[in-house]
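Report on the structure
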Amino acid sequence: KAGVTQTPRYLIKTRGQQVTLSCSPISGHRSVSWYQQTPGQGLQFLFEYFSETQRNKGNFPGRFSGRQFSNSRSEMNVSTLELGDSALYLCASSLGTFTDTQYFGPGTRLTVL
Amino acid sequence: KNQVEQSPQSLIILEGKNCTLQCNYTVSPFSNLRWYKQDTGRGPVSLTIMTFSENTKSNGRYTATLDADTKQSSLHITASQLSDSASYICVVSAQTGTYKYIFGTGTRLKVLA
């Protein structure tokens with residue numbers, strides 16, 4: 001069974017640009033969650049999508065948005081990039097209940113210059 | 001304020017030795033507690049998930065305990081191996097209508113030959 005895949009793996013952008021990251025969950029998984037990981041703040045929850053609907057949301061500004069498609073693939077968009085958005089962005093998929101195991105992808109390393 | 005604190009921040013042990021990592025939380029209302037292992041440059045891997053009613057859960061050489069009264073959890077690693085060198089992250093979930101994930105900052109474990 002293929003694992004969670006994320007594209008691209010590495011990305012360099014400049015301040016003010018926008019970026020879209022993609023996540024393909026494990027086949028059969030309906031929930032996709034996104035996380036930001038930085039050395040200073042550690043792991044932080046961005047949002048979760050289940051059956052194309054945002055089910056949970058963390059405390060991030062509206063510049064961070066996402067969506068999920070009917071095949072459960074998900075995208076995350078960050079607009080008007082700031083230097084502080086440089087981070088490893090991880091997505092995780094699960095079957096969908098709150099006690100299911102989450103399987104993480106390898107992450108997308110975003111650098112904002 | 002919802003918080004998860006892990007100790008120690010870092011730990012060095014010799015191969016074959018046992019060790020215990022701690023996680024204290026002030027999260028309410030508690031839903032579940034997860035332990036993850038994260039190798040450098042990779043996404044976290046789930047070790048255990050425990051709900052309120054569970055006080056011990058094992059996954060191979062990893063055993064997690066939960067004391068919901070004192071709001072403490074521990075992760076015990078038996079007969080450590082070089083491959084156990086990683087960061088170990090404790091995550092506590094709270095459910096208040098929506099779902100919140102509160103992450104600890106992790107314990108960095110290094111196992112020496």
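For the structure, check the block above.
The sections below set out a description of the structure shown in this document. (Residues numbered from 1 in each chain as written. Chains lettered and ligands numbered in written order. Predicted model: local features only at pLDDT ≥ 70, side-chain atom pairs only at ≥ 80, totals over all residues. Heavy atoms only, no water.)

Taken together, the contact between chain B and chain A spans 16 residues of the former and 17 residues of the latter. For the pair chain B and chain A, the summed buried area comes to about 1,500 Å², and 57% of that belongs to carbon and sulfur atoms. For the chain B face of the interface with chain A, the top three residues by lost area are B:Tyr99, B:Tyr101 and B:Phe103, together amounting to 35%. Counting the contacts that link chain B with chain A gives 0 salt bridges. At the junction of chain B with chain A, the criterion picks out 4 residue pairs in polar contact (both at pLDDT 80 or more). Sorting the residues of the side of chain B that touches chain A by element identifies strand E4 (30-38), strand E5 (45-51), strand E9 (86-96) and strand E10 (98-103) of chain B as the ones contributing at least two each. The residue makeup of the side of chain B that touches chain A, split by class, is 7 nonpolar, 8 polar and 1 charged. (Contact = heavy atoms within 4.5 Å. Buried area = accessible area lost by both parts, 1.4 Å probe. Salt bridge = Lys/Arg side-chain N within 4 Å of Asp/Glu carboxyl O. Polar contact = N/O pair within 3.5 Å; in protein donor to acceptor, adjacent residues only side chain to side chain. Helix = DSSP H or I, 4+ residues; strand = E, 2+ residues; numbered from the N terminus. Nonpolar A, V, L, I, M, F, W, Y, C, P; charged D, E, K, R; others polar.)

Another aspect to go through is the environment of B:Thr63. Residue and element names in this part refer to chain B. The residue Thr63 is located in strand E7 (residues 62-67) in this model. For the pair formed by Thr63 and Ser74, sequence separation is 11 residues and the distance between their alpha carbons is 8.1 Å. At a separation of 3.1 Å, a polar atom in the side chain of Thr63 contacts the side chain of Ser58.

All names here are of chain A. With respect to the helices, strands and loops of the structure, Ser33 is situated in strand E4 (residues 31-38). In terms of polar contacts, Ser33 uses its side chain to reach the side chain of Gln102, at 3.4 Å. The residues touching Ser33, leaving out its near neighbours within four places in the chain, are Phe45, Phe47, Glu48, Leu90, Cys91, Ala92 and Gln102.

A word on the pattern of salt bridges. Summed over the entire model, instances satisfying the criterion amount to 7 salt bridges over all chains. Residue A:Glu48 is joined to A:Arg55 by a salt bridge in which the shortest nitrogen-to-oxygen separation is 2.5 Å. Take A:Glu48: its relative accessible area is 2%, and that puts it in the buried class. The class for A:Arg55 is partly exposed, based on a relative accessible area of 26%. Across the pair B:Glu54 and B:Lys57 runs a salt bridge, and its minimum N-O distance is 3.0 Å. Here B:Lys57 falls in the partly exposed class, since its relative accessible area comes to 28%. Look at the salt bridges and you will find they share partners, linking A:Arg63, A:Glu82 and A:Asp85 into a network. (Buried < 20%, exposed > 50% of the residue type's maximum accessible area, 1.4 Å probe, protein only.)

Now for the sheet that holds E7(B). Residue and element names in this part refer to chain B. One open sheet accounts for 5 strands, arranged E1-E3-E8-E7-E6; its pairing is antiparallel. Each end of this open sheet is capped by a strand with a single partner; those strands are strand E1 (3-7) and strand E6 (56-59). Across this sheet, the average inter-strand angle for adjacent strands is 15 degrees, counted without regard to direction. Pairing of E6 with E7, which is carried by 4 bridges, proceeds in the antiparallel orientation. Residue pairing for E7: Asn59 is matched across the bridge by Tyr62. (Pairing = 2+ DSSP bridges. Axes fitted to C-alpha atoms, helices over the stretch in contact; angles between N-to-C directions.)

This is a description of form; function is not addressed.
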